[in-house]
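For reference, the chains in residue letters:
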Amino acid sequence: MARQMTGAEMVVQALKDHGVEVIFGYPGGAVLPIYDAIFQQNEIKHILVRHEQAAIHMAEGYARSTGKPGCALVTSGPGATNAVTGLTDALMDSIPLVVFSGQVPTFMIGTDGFQEADTVGITRPCTKHNWLVKDTDKLAETIHQAFHVATSGRPGPVLIDLPKDVQFANGRYTEPKTARVDHYQPKVKGDIEAVTKLVELIETAAKPVFYTGGGVINSGTAASQLMRELVDATGFPITSTLMGLGAYPASGKNWLGMLGMHGLYEANLAMHGCDLMINLGARFDDRITGRIADFSPKSTKVHVDIDASSINKIIPVDLPIVGDVAHVLEDALKIWKARGRKVNKEGLAKWWAQIEEWKKVRCLAFTNSDKVIKPQYALQRLEALTKDRDRYITTEVGQHQMWAAQFLGFEAPNRWMTSGGLGTMGYGFPASIGVQIAHPDALVINVAGEASWLMNMQEMGTATQFCTPVKQFILNNERLGMVRQWQDLLHGGRYSHSWSDSLPDFVKLAESFGWKGISVSDPKDLDDAIMEMINYDGPVLFDCLVEKHENCFPMIPSGKPHNEMLLAADAAAFSSGAALV
Amino acid sequence: MAALNIKKGATSHSAYDLRDFHSEVESSHTLAVLVDNEAGVLARVIGLFSGRGYNIDSLTVAEVDHKGHRSRITIVTRGTMAVIDQIKAQLGRIVPVHQVIDLTTEAQPVERELALFKVAATGEKRIESLRLAEIFRANVVDSTLESFVFEITGTPDKIDAFAELMRPLGLKDVARTGVAALPRGA
Ligand SMILES: Cc1ncc(C[n+]2csc(CCOP(=O)(O)OP(=O)(O)O)c2C)c(N)n1
Ligand SMILES: [Mg+2]
């Protein structure tokens, strides 16, 4: 049943048909017809941001915390170019987004018209797919395909560029179920012979480890559930990348903590020394592998990934399984149970004994102080005072992000939103607003560095306007801390431009936007201040003045293998040339 | 634990694929990429090659099914087996790409290219160019008193050889289509 309507009305209708509740956006000349259509309805809520980059990060936070696609709307030219960082971020971290951009009318395309940019050209490498729609009759079908592509297979951002005349013109609206999506159907079932091989490996491995990533979260809650079942039933240790935290509970008995450049000693050594590595939805990123030639030299490697191009891209594996993690795990569990739930008990007992030895190193230990707040201590207290609540954490990028990953525990998937692949400073604050919009009653905290936070601070207005009581927990070291750390360890202590000069008075800044501002610098006052933040019904800017020269450990200096990690105690003796990556 | 009889880096299709991933030898591969003929599809394919640093030695594209709006892109590229597998997988990820076939590995392909050669010469050189054209089964498609345009089809090697012979005889210009390829047999 086809209905006639304008292109702009189709956008709104399609959003409703796909169950979208909220869209993050910013108007401009080239999207006025769509804003007009939004004005004339009440079902879809529009969140007016203060910068288009933030609209995309909010949509990311919304998507990551709900498992649903996030939606955004930007105008042509500068609106679209401002969205590019967010799109790239979402592509790197496989976040499903559907983004609409306005465009000059079709007859003006190519004339360097006012606010014209080659948006599909610019965003081609930073979207999973994009479309320029030139015919209103094809618009509905394109939007339906866009939702399908964004959410199927390995998720990612897609963009639809909409010339203004296409928004004004009348056309036929077709329903989602009539859309042609047949040819893009990524394979979700793993090859059953390969899955059986995996089970055989599970049955005999003496030193196994699960290495899991964001793919488990993207696969949905069923994947996390099945993974927990398999991990607990086999008794295998499990570690995860930054993106995968929460898929297995931090309180679970097999949890080794995060791995990678700032991962835990026991997790990285288990990766290095294992004889069976089962990679579930992770991608052997360079922050994980360290030096490729020495990466886990003795293990048989299994890689389960929905994206065939992730397999053998960096690390050659022994057993590739292309498929959705949940489907593969379901089959693996079935086969493993049917074959008698066998594991190598003796081997495992020795392996765990070894892991317990590594744990005794207490790699996260730090020297606390009663004069100045150590950032690690601040996070320990935040964890202690919030862990029993319905809590969502976002982060910015830098040392604070790594400390957050080390010191906060995640018990469920979709509770941890961070910019992993792109490492985008300025992600966390808008992402926290997106999360809060999706979960109005939850406690949403952005663990931030002062420098990152300033990159999208204009969104304070958005938070005030839409009554999102987000808590901005700034670990203020008055430094671009992570940059300072590399300069300290790798560039002879020459701190070139890595301090935060001319910072605002955060408390006054908060008040000027109608927020609450809290500043704390004495460790004795920290708990009360955190409680005040949590209990305040509204957005809070929490300026936590911390030690300025703390470095984040453990650290695998880039280009080194896992077994050459630096612990806090070794740092003084460490000297090395500048790093390449 | 029990050793597995699987080679490192076996590719996505089968756990029992025994090709040697570690081989550092680069070789030339002809890939056929079947795509929806929609705006920007060629830019996506080319952008992938430049963005990820792969080689393109030759590329041809044309719509092969007008009703279904399908185009066939034939790409000749070079790389180790691992790189070629990565290129295939990356191409396979592009939404309007329906199929990627590594003709070199999967099906001893028939490969042909068409080229036009302009040779300007008089006297003995002019006669020699005609003689060689005959040997190579090139056709004269334009002639003036001072020049010929030859049309030749064949494998890229044959066309290279023809170009070498024509150069001293007054070769002025060459236009080549790039390789078109199909698997042999039914
Ligand atoms: C947009 C952007 N620009 C630059 C960088 C490089 N960078 C990574 S961490 C960092 C410093 C972050 O400082 P801050 O937010 O204060 O966090 P800290 O490390 O001090 O905890 C910089 C500049 C980046 N990741 N993103
Ligand atoms: Mg800082």
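On a predicted model such as this, the values are computed, not experimentally measured, just so you know.

Quick notes on the rules
Residues numbered from 1 in each chain as written. Chains lettered and ligands numbered in written order. Predicted model: local features only at pLDDT ≥ 70, side-chain atom pairs only at ≥ 80, totals over all residues. Heavy atoms only, no water. Helix = DSSP H or I, 4+ residues; strand = E, 2+ residues; numbered from the N terminus. Rg over C-alpha atoms; globule rule 2.2 N^0.38 Å. Buried < 20%, exposed > 50% of the residue type's maximum accessible area, 1.4 Å probe, protein only. Contact = heavy atoms within 4.5 Å. Areas by Shrake-Rupley, 256 points an atom, 1.4 Å probe, with all protein chains shown as cover. Lys, Arg positive; Asp, Glu negative; His and termini not counted. Charge placed at Lys NZ, Arg CZ, Asp CG, Glu CD. UniProt positions renumbered as here; feature names shortened; annotations may be inferred. Patch = residues over 30% accessible without salt bridge, like charges linked within 9 Å, V, L, I, M, F, W, Y side chains within 5 Å. Salt bridge = Lys/Arg side-chain N within 4 Å of Asp/Glu carboxyl O. Near = heavy atom within 4 Å. Polar contact = N/O pair within 3.5 Å; in protein donor to acceptor, adjacent residues only side chain to side chain. Nonpolar A, V, L, I, M, F, W, Y, C, P; charged D, E, K, R; others polar.

Engineer: Kindly report on the overall build of chain A, identifying the contributing residues and their values.
Structural biologist: Looking only at helices and strands, chain A has 23 helices and 20 strands in total. Over its C-alpha trace chain A gives a radius of gyration of 24 Å, about what one expects of a compact globule, namely 25 Å for 581 residues. The dimensions of chain A, computed from C-alpha atoms along their principal axes, are 70 × 60 × 45 Å. In chain A, which comprises 581 residues, the share counted as buried stands at 62%. Once local pairs closer than 6 in sequence are excluded, the contacts in chain A between residues at least 24 apart make up 76%. Summing over all exposed atoms, chain A offers an accessible surface of approximately 21,100 Å²; the carbon and sulfur share of this is 52%. Looking at chain A, you have 53 positive and 64 negative side-chain charges, and the mean spots of the two groups are 5 Å apart.

Engineer: Describe the UniProt feature "domain: ACT" (unreviewed entry) in chain B, with residues and values.
Structural biologist: Sites flagged by UniProt as "domain: ACT" (unreviewed entry) map to residues 30-102 of chain B. The span residues 30-102 of chain B carries 33% helix and 42% strand; its end-to-end C-alpha distance comes to 6 Å.

Engineer: So what's going on with a nonpolar patch on the surface? Which residues, and what values?
Structural biologist: Together, B:Leu114, B:Leu116 and B:Val141 make up an exposed nonpolar region whose accessible area comes to about 210 Å². Considering the arrangement of structural elements, one finds B:Val141 in strand β6 (residues 139-143).

Engineer: Let's hear about the site of ligand 1: which residues, and what values?
Structural biologist: All names here are of chain A. The full set close to ligand 1 counts 17 residues, and Gln399, His400, Gly423, Ser452 and Gly481 are the nearest of them. Between His400 and ligand 1, the recorded distance is 2.8 Å, taken from a side-chain N or O atom to an oxygen atom. Contact with the protein chains covers 75% of the free accessible surface of ligand 1, which is 580 Å². For the shell around ligand 1, the class distribution of residues is seven nonpolar, eight polar and two charged.

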